[in-house]
Amino acid sequence: MEFKDYYKILGVETDADIKAIKTAYRKLARKYHPDVSTENDAEAKFKEVSEAYEVLKDTEKRAEFDEIRQYGAHGQRFQPPPGWQSAHQGSEQFEGDFSDFFSSIFGGGGGRGAGPGADSGFAFNQKGQDIETELPIFLEDTLSAGSQTISYTLPRRGDDGRVTEVKKTLNVKIPAGVSDGERIRLKGQGAQGMGSGANGDLYLRIRLVPHPLFDVEAHNLIITVPLAPWEAALGTKVEVPTLDGKINLSIPGNSQTGQRMRVKGKGLARKDGFGDLYAVLKIVMPAKTTEDAKKLWQQLATTATFDPRAEWSNS
Amino acid sequence: MMASLETHYFSFEELCDVTELSSHIIIEVVEHGIVEPEGNDPETWSFDMQMVTVTKKACRLHNDLGIDWSGIALAISLLDEVEQLRSENEKLANRLKRFVPE
């Protein structure tokens, strides 16, 4: 297993006093706390930092670690010294989810509550861990209730106390009208309980997958409708896609970029009915201009009295 | 197998059960306005799914970072705001891209 240098993890000197260790720990704990941090490996980092603090804040454990540290050559695979026996071994049950390295020095099954003292099976009962996982859903699939197959990993404790990860697949019925960030609880689908403890729960956090055409604003959808300048000037009929089929939209003459038109009931499902679809107009120029078109533009340029920069002339 | 959904509301007792927290911790969380259940007293309190998540988060922050409850109330409302601003920012950036090609 890998040698863990707890001093390095907390970023303190080997002769740091308890105050410096505490400060370093607090700073890193705030930085990597999974509820606060946006870093990808925040949870692993937080665990590592907590483990380092668990050892270094305790004079006895720290002394033992210092001894191991002298012995354990850096960069090599670590094995505890032959006949190593911690003062803590068998005497203590550690809260928290510590590494194999920690367990090899201080004992403990390396996992929550599975103390080495539990030699006659599980000595206590505990509810299984709750699991939270993200469930990506396409906008189209939120319109009506439907089932989704989800896969997630669960920690499972073997008879030897070791924790392995097992994959689980589940078919879940998702109600219509779920929204981004909403959580759905599946009772008893989390990690297995210990002893007669109940299973943990599974929390699904709904994430609406970004759509290539539609943007989401609460329960309303927004679609950008590109128009040629003459379509905006003269008005036109445009076939506009919605989440379920197409509709015909009449664009009035003299339309502007950014103008919104509401199509009732073509948004996302709500608990009561549907939101609306907003068509936002966007006037686009053709990439190339033909000679004929250029002549027509020139004709327009000489006859039109429009000043697009009228606002500038007053300042 | 088809799993059953739990989208109902939770009573005070059920919240203690589902979060595995003691009643006095949940009372702290409510008294600091970290979650605001329907109902005026613990017997009639009713918590929704979101409040379950927030209560658990509040308790993790309290235990892991040693923040007191009024600090948690502030941290949670700021974290909420950050999350909201991030998602709003992302949405606006996406919409802007539809008008201004990169």
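Let's shift gears to the nonpolar core. Within the largest apolar cluster, 55 residues are counted, with the highest numbers of intra-cluster contacts made by Tyr6(A), Leu10(A), Phe65(A) and Phe47(B). In this structure, Tyr6(A) is in contact with Glu51(A), Ala52(A), Val55(A), Leu56(A), Phe65(A), Ser99(A), Phe101(A) and Phe102(A), ignoring residues within four places of it in sequence. Leu139(A), Leu143(A), Leu202(A) and Val263(A) belong to the second-largest nonpolar core, a separate cluster that totals 38 residues.

Let us now look at the interface of chain B and chain A. Between chain B and chain A, the residue contacts involve 28 residues of the former and 41 residues of the latter. Summed over both sides, the interface of chain B with chain A buries roughly 2,900 Å², with 55% coming from carbon and sulfur. There are five salt bridges connecting chain B and chain A. Residue Glu217(A) is joined to Arg95(B) by a salt bridge in which the shortest nitrogen-to-oxygen separation is 3.2 Å. The interface formed by chain B and chain A includes 10 residue pairs in polar contact (both at pLDDT 80 or more). Elements with a minimum of two residues in the side of chain B that touches chain A: strand E1 (2-3), helix H1 (12-19), helix H3 (49-65) and helix H4 (69-99) of chain B. Considering every element that reaches the side of chain B that touches chain A, the biggest residue donor is H3(B), with 10 residues. Residue classes in the side of chain B that touches chain A are distributed as 12 nonpolar, four polar and 12 charged.

Taken as a whole, this structure holds 20 salt bridges over all chains when the rule is applied. Taking the shortest distance from any N to any O, the salt bridge between Glu54(A) and Lys61(A) comes out at 3.5 Å. Residues Glu54(A) and Lys61(A) agree in their burial class; the two are buried. Through salt bridges with shared partners, a single ionic network connects Lys127(A), Asp130(A), Arg185(A), Asp201(A) and Lys56(B).

What follows deals with H4(B). Residue and element names in this part refer to chain B. Here H4 is 31 residues long and its end C-alpha atoms lie 45 Å apart, about the 45 Å a rise of 1.5 Å per residue gives. All of the buried residues in H4 are Trp69, Ile72, Ile76 and Leu79. Buried residues along H4 sit against helix H2 (23-31) and H3.

Our next topic: the state of the cysteines. Overall, the coordinates contain zero disulfides over all chains when judged by the stated rule. In this structure Cys16(B) is a free cysteine whose sulfur lies 11 Å from that of Cys59(B), the closest cysteine sulfur available.

Turning our attention to the sheet that holds strand E7 (residues 220-227) of chain A. Working definition: the strands of a sheet are paired by backbone hydrogen bonds and lie parallel or antiparallel to each other. The four strands are arranged E6-E7-E11-E10 (chain A) in an open sheet whose pairing can be described as mixed. Edge positions in the sheet fall to strand E6 (214-217) and strand E10 (260-263) of chain A, since each of these pairs with one other strand and no more. The mean angle between the axes of side-by-side strands here comes to 30°, regardless of whether they run parallel or antiparallel. Relative to strand E11 (residues 277-283) of chain A, E7(A) runs parallel, the two being bridged by seven bridges. Among the inter-strand pairings, Pro226(A) is bridged to a residue of E11(A), identified as Lys282(A). Sheet contacts for H4(B): E6, E7, E10 and E11 of chain A; angle to E6(A), the most-contacted strand, approximately 145°.

All names here are of chain A. Inspection of the secondary structure assignment puts Phe124 in the loop between helix H5 (100-106) and strand E1 (131-137). Residue Phe124 is classed as partly exposed on the basis of its relative accessible area, which comes to 24%. With 171 residues separating them in the primary sequence, Phe124 and Lys295 have C-alpha atoms 88 Å apart.

Moving on, we get to a positive patch on the surface. A contiguous patch of positive charge on the surface is contributed by Lys22(A), Arg26(A), Lys27(A), Arg30(A), Lys31(A) and Lys57(A). Take Lys27(A): it is sitting in helix H2 (residues 18-32).

Turning our attention to the pairing of E1(A). All names here are of chain A. Of the two faces of E1, only one is covered, namely that formed by Ile131, Thr133, Leu135 and Ile137; the face formed by Glu132, Glu134 and Pro136 stays uncovered. One ladder, built from seven bridges, connects E1 with strand E5 (residues 202-208); its direction is parallel. Paired with Thr133 across the strands is Leu204, a residue of E5.

Here we come to a nonpolar patch on the surface. All names here are of chain A. On the surface, Trp230, Leu234, Met285, Trp297 and Leu300 cluster together into a nonpolar patch covering about 570 Å² of accessible area. Those elements giving two or more residues to the nonpolar patch turn out to be helix H6 (229-234) and helix H7 (291-303). Relative to the assigned elements, Leu234 resides in helix H6.

With a phi angle near 60°, Asn254(A) is a residue other than glycine that sits in the positive phi range. Residue Asn254(A) is classed as exposed on the basis of its relative accessible area of 69%. A positive phi angle, close to 55°, is found at Glu20(B), a residue other than glycine. When you line up the elements, Glu20(B) lands in the loop between H1 and H2. The exposure class assigned to Glu20(B) is partly exposed, which follows from its relative accessible area of 46%.

Quick notes on the rules
Residues numbered from 1 in each chain as written. Chains lettered and ligands numbered in written order. Predicted model: local features only at pLDDT ≥ 70, side-chain atom pairs only at ≥ 80, totals over all residues. Heavy atoms only, no water. Core = buried A, V, L, I, M, F, W, Y, C linked by side-chain atoms within 4.5 Å. Buried < 20%, exposed > 50% of the residue type's maximum accessible area, 1.4 Å probe, protein only. Contact = heavy atoms within 4.5 Å. Buried area = accessible area lost by both parts, 1.4 Å probe. Salt bridge = Lys/Arg side-chain N within 4 Å of Asp/Glu carboxyl O. Polar contact = N/O pair within 3.5 Å; in protein donor to acceptor, adjacent residues only side chain to side chain. Helix = DSSP H or I, 4+ residues; strand = E, 2+ residues; numbered from the N terminus. Nonpolar A, V, L, I, M, F, W, Y, C, P; charged D, E, K, R; others polar. Expected span 1.5 Å × (residues − 1). Disulfide = S-S within 2.5 Å. Pairing = 2+ DSSP bridges. Axes fitted to C-alpha atoms, helices over the stretch in contact; angles between N-to-C directions. Patch = residues over 30% accessible without salt bridge, like charges linked within 9 Å, V, L, I, M, F, W, Y side chains within 5 Å. Areas by Shrake-Rupley, 256 points an atom, 1.4 Å probe, with all protein chains shown as cover. Lys, Arg positive; Asp, Glu negative; His and termini not counted. Charge placed at Lys NZ, Arg CZ, Asp CG, Glu CD.

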